[in-house]
Amino acid sequence: MSHRVFNVGIAGYGVVGKRRRACIDEHPNFKTVAICDLCFENSLEDFGDISTYTDYTKMLEQEQLDVLFVCLPNNIAPIVTIAGLGSGLHVFCEKPPGRTVDDISKVMEAELRAPNLKLMYGFNHRYHGSVKKALEVISSGELGEIINLRGVYGKSKIISKNSDWRSKRELSGGGILLDQGIHMVDLMRMFAGNFSEYKSIIDSNFWNYDVEDNAYALMKTKSGVVAFLNSSATQWRHRFNLEISLTKGAITLSGILSSSKSYGPEKIIISYPNESENEGEGPREVTVKYDEDNSWCEETNYFASCILNDSKVEQGTSSDAFETMKAVYNIYLADEEWKLKHELK
C-alpha cells in the first residue's frame, strides 16, 4: 500500500461531516486539511492547522486538496460534487445524491469527463455487520432464492434539533423516504436487484409539510421478487426491520446501530424450515448480535483503498446512487395524486 498522504477537504460539517472526519483522521493515508461550513461565520472554535471556510469555492481554489468529502444538504450536494470533480479531486458524497434523478445524471456526466478520478456515494448501511452477514448468506445460496422482502424504517419526526431543511422541498427534494428510507430502498435493490413495477401511497397528513411523512411502497422485480416498504416519520419508537423470505428459509434484520442508539440492538436471525413431522415445532433459528458499528469507517476505508490502489469503485457507485434514486422517484410517481400535487416528472 502507498505511503502517500492525501489532503482531504470536507464540505459540510454537521453531524455527518463530523462523523466522517473521525474516520478520515483514523486513516493513515488521509489528512483533513480544510473544512467548509456556514457555521464558521460566527465560530470561535480553534481547529489548529486545519483551515476553515464558509464558501466551498474558496476552499477548492485556495487549498491543495486531493480528496473532497461532500456532507451537504440535497440541494447543494450535487453542485459541490461536480465542482470537486472539475477541480481534479476524488469525491465521496453522502446520500442522497441530490433532490432529483436529474441531479445525479448531471454528476454522472461530470464523472465521465474525469475518468481518472474516483467517485463514491455513502450508503453506510451496506457496511453494517447484520447486512453484510445477510448478503453472505443470500450469496451462498444455502437458503435458496428470494421470494419477498418486507421492510419498515421509521423515526418520530422530520425536523431534527440541528436543522429544518429536510422539511423544505426546495432544499431536500423529498421527505422521510428520500432522507432515510433511501437506505432501505438501497438494501432491497442490493439483495433483490432493480425493481420494474411500483405501487404506492405517499402521505403528508400528519406533519403537514410539503414533503412526505409516510411512504408505503409495493415493488416487484422482473424476476418476480416482491418488496414492501414503509418509510415513516410517525414511527414514535424508532424502528429498523427487514424480513427476507427465501425458498429454503428466512432472514430477519432487526435494529440498526446508530449514533442515537434509538433503533434497538442490531441482530440478524437466520431461520431454517422445520423438517420434522411435528408441525408445531418452529423453525431452527440462528441469531447473531452486533454491538459495534464500524460501518462509517469501513466505508471510508474502502473509498481510500480504491484511491490508493487505483481500483474501480464497485460499492456505492454513481450507478448505485442513480438506480436507488430512480427507485425512490418511481415510488413518488406511482402515487398519481402526489405526482400531480408536486408536478413530478
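Residues numbered from 1 in each chain as written. Predicted model: local features only at pLDDT ≥ 70, side-chain atom pairs only at ≥ 80, totals over all residues. Heavy atoms only, no water.

Now for the state of the cysteines. Under the counting rule described, the total for this entry stands at one disulfide. As a non-bridged cysteine, C306 has C23 as the owner of its nearest cysteine sulfur, 16 Å distant. Given the relative accessible area of 1%, C306 is considered buried. (Disulfide = S-S within 2.5 Å. Buried < 20%, exposed > 50% of the residue type's maximum accessible area, 1.4 Å probe, protein only.)

Turning our eyes to something else, we now look at the pairing of strand 10 (residues 226-232). The element strand 10 is largely enclosed, with a buried count of five among its seven residues. Pairing between strand 7 (residues 146-154) and strand 10: seven bridges, direction parallel. Bridge pairing in strand 10 places G151 opposite L229. Where strand 9 (residues 214-221) lies against strand 10, seven bridges are found, and the strand directions are antiparallel. For M219, the partnering residue across the bridge sits in strand 10 and is A227. (Helix = DSSP H or I, 4+ residues; strand = E, 2+ residues; numbered from the N terminus. Pairing = 2+ DSSP bridges.)

On to the environment of E197. Looking at the secondary structure, you find E197 in strand 8 (residues 195-203). For E197, a relative accessible area of 45% puts it in the partly exposed group. Taking the C-alpha atoms as reference, E197 lies 24 Å from I251; in sequence the two are 54 residues apart. With residues near it in sequence (within four places) discarded, E197 still touches L218, M219 and K220. (Contact = heavy atoms within 4.5 Å.)

Strand order in the open sheet made by the eight strands is 8-9-10-7-11-12-13-14, with mixed pairing throughout. Strands at the two margins of the open sheet, each flanked by one partner only, are strand 8 and strand 14 (284-290). The average undirected angle you get between the axes of adjacent strands in this sheet is 10 degrees. Those strands touched by helix 5 (residues 129-140) are strand 7, strand 11 (239-246), strand 12 (249-254), strand 13 (266-272) and strand 14, and its axis lies near 20 degrees from that of strand 13. Across the sheet, helix 7 (residues 176-192) touches strand 7, strand 8, strand 9, strand 10, strand 11 and strand 12, and the angle it forms with strand 7 is around 160 degrees. (Axes fitted to C-alpha atoms, helices over the stretch in contact; angles between N-to-C directions.)

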